[in-house]
Amino acid sequence: MKEYAASTLIPLAILAGCGGGGGEESTSGPVYSVAAPLSAFFAKQANFNLSAKDETGDLYFLSYYQGPGPDIYLDDSDTGKPLKQLHTLLVVYPASDPYKDAYYSSVNFYYSTDPFMIWGVNALDFGRPMYEQHPAPSFARVNSTGPLSSMGPLSEPEFLNGVSSRSFTWSLKEETATTAWLCLNMTTTPVEKGSSTCIRVDESGAPSGFKAKAPVSGRGTMLEFQ
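Criteria and thresholds
Residues numbered from 1 in each chain as written. Predicted model: local features only at pLDDT ≥ 70, side-chain atom pairs only at ≥ 80, totals over all residues. Heavy atoms only, no water. Disulfide = S-S within 2.5 Å. Helix = DSSP H or I, 4+ residues; strand = E, 2+ residues; numbered from the N terminus. pLDDT = per-residue confidence, 0-100. Contact = heavy atoms within 4.5 Å. Salt bridge = Lys/Arg side-chain N within 4 Å of Asp/Glu carboxyl O. Buried < 20%, exposed > 50% of the residue type's maximum accessible area, 1.4 Å probe, protein only. Pairing = 2+ DSSP bridges. Axes fitted to C-alpha atoms, helices over the stretch in contact; angles between N-to-C directions. Phe/Tyr/Trp six-rings, centres within 6.5 Å; stacked < 30°, edge-to-face > 60°.

Novice: Would you take a moment to explain the state of the cysteines for this structure?
Specialist: Scanning the model with the defined rule gives one disulfide in all. The residue that forms a disulfide with C183 is C198, at a sulfur-sulfur distance of 2.0 Å. The chirality of the disulfide connecting C183 with C198 is right-handed, given an S-S dihedral of about 110 degrees. Residue C183 is located in strand β11 (residues 179-189), and its partner C198 is located in strand β12 (residues 193-202); the two are separated by 15 residues in the primary sequence.

Structure representation (structure tokens):
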């Protein structure tokens, strides 16, 4: 399977609904937990195999794995307590030829709980200036989005102009009358890359179900895998 330069996953950005600075807050609809389900889900090992078809009907598979690591102190995290560590691995490949044109992403993701906050992805992120950082809300209504963190430019060889910035948001979209999709979204600029990991939540706040949106290598398109 061809491997491409690892790019950031998270957990997991559905780009449609990736909010910017202040986010969008709904004023009607059911209310669901946000911070607690994110903390609970990312604290556990998980493995999902999903599929999606593109606009031509070609079938693609997505394999996703996450595994928590030991808590870690990072000098540049500017927090007084150890951060949670999560390793994620995501591979998207065509069903017609699993060893051709695979999109590959393997990263370490650092966060804290109580409240849930994002501190960075991979060691390089801790050299970035933190423009803004927000805790995930305890609760939110469906069809709301909000910012988590925004990290400034950093020189990276994978980008032609040598610099990139990275931002994270959360979004909550209605699925049924009693369930919603809670997504953690990531976008990297100036090359608009992103991926999403979404968990289904019910009114009790219990996380269940999983879907993801990720790019297809060499196609410039995003597919939603379920």
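Novice: Before we go on, may I ask you to explain the confidence of the model for the protein in this structure?
Specialist: When pLDDT drops low, the exact placement of atoms in the prediction is not to be read closely. On average, the protein scores 78 in pLDDT, and the residues at 70 or more come to 74%. Here strand β7 (residues 130-133) stands out as the least confident element of the protein, with mean pLDDT 74; strand β2 (residues 46-53) is the most confident, with 95. Within the model, pLDDT remains below 50 along residues 1-21, and this stretch shows 100 contacts once partners closer than five positions in the same chain are excluded.

Novice: Would you mind going over the pattern of salt bridges with me for this structure?
Specialist: Counted by the stated rule, this structure contains three salt bridges. A salt bridge links E175 to R200; the shortest N-O distance between them is 2.9 Å. Taken together, the positions of E175 in the loop between β10 (163-174) and β11 and R200 in strand β12 put the pair 25 residues apart, joining distant regions of the chain. Look at R200 and you get partly exposed, because its relative accessible area is 26%.

Novice: Before we go on, may I ask you to explain helix α1 (residues 35-42) in this structure?
Specialist: Quick reminder: α-helices carry 3.6 residues per turn. Residues three or four places apart thus point the same way. Burial runs high along α1: six of the eight residues are buried. Within α1, burial applies to A35, P37, L38, S39, F41 and F42.

Novice: Hey, could you run me through the sheet that holds β2 in this one?
Specialist: Adjacent strands of a sheet pair through backbone hydrogen bonds, lying either parallel or antiparallel. Spatially, five strands are ordered β2-β3-β4-β5-β6 in an open sheet, and the strand pairing comes out antiparallel. Each having just a single partner strand, β2 and β6 (117-121) make up the two edges of the open sheet. For this sheet the average axis-to-axis angle between neighbouring strands, irrespective of direction, equals 25 degrees. Where β2 meets strand β3 (residues 59-72), eight bridges bridge the pair, whose relative direction is antiparallel. Within β3, the residue paired with K53 across the bridge is L59. Sheet strands touched by α1: β2, β3, β4 (83-94) and β5 (103-112). Its angle to β3, the strand with the most contacts, is close to 90 degrees.

Novice: Would you explain the pairing of β4 in this entry?
Specialist: Successive residues of a regular strand alternate their side chains across the two faces of the sheet. The element β4 is extensively covered by neighbouring structure, given that nine of its 12 residues are classed as buried. Where β3 and β4 come together, 11 bridges link them in antiparallel fashion. What sits directly across from F61, in β4, is Y93. Pairing analysis gives nine bridges linking β4 to β5, with the strands arranged antiparallel.

Novice: I keep staring at the packing of aromatic side chains and nothing clicks. Help me out?
Specialist: The description of an aromatic ring pair uses the distance of the two centres, along with the angle that the planes make with each other. The full count for this structure, using the stated rule, is 11 aromatic pairs. Relative to F42, the ring of F41 has its centre 5.2 Å away and its plane inclined at 75 degrees; by these criteria the two rings are edge-to-face. Look at F41 and you get buried, because its relative accessible area is 10%. On the basis of relative accessibility, which here comes to 1%, the residue F42 falls in the buried class. An aromatic cluster is defined as three or more aromatic residues linked by ring pairs; in this entry it consists of F41, F42, F48, Y64, F109, Y111, F116 and F210.

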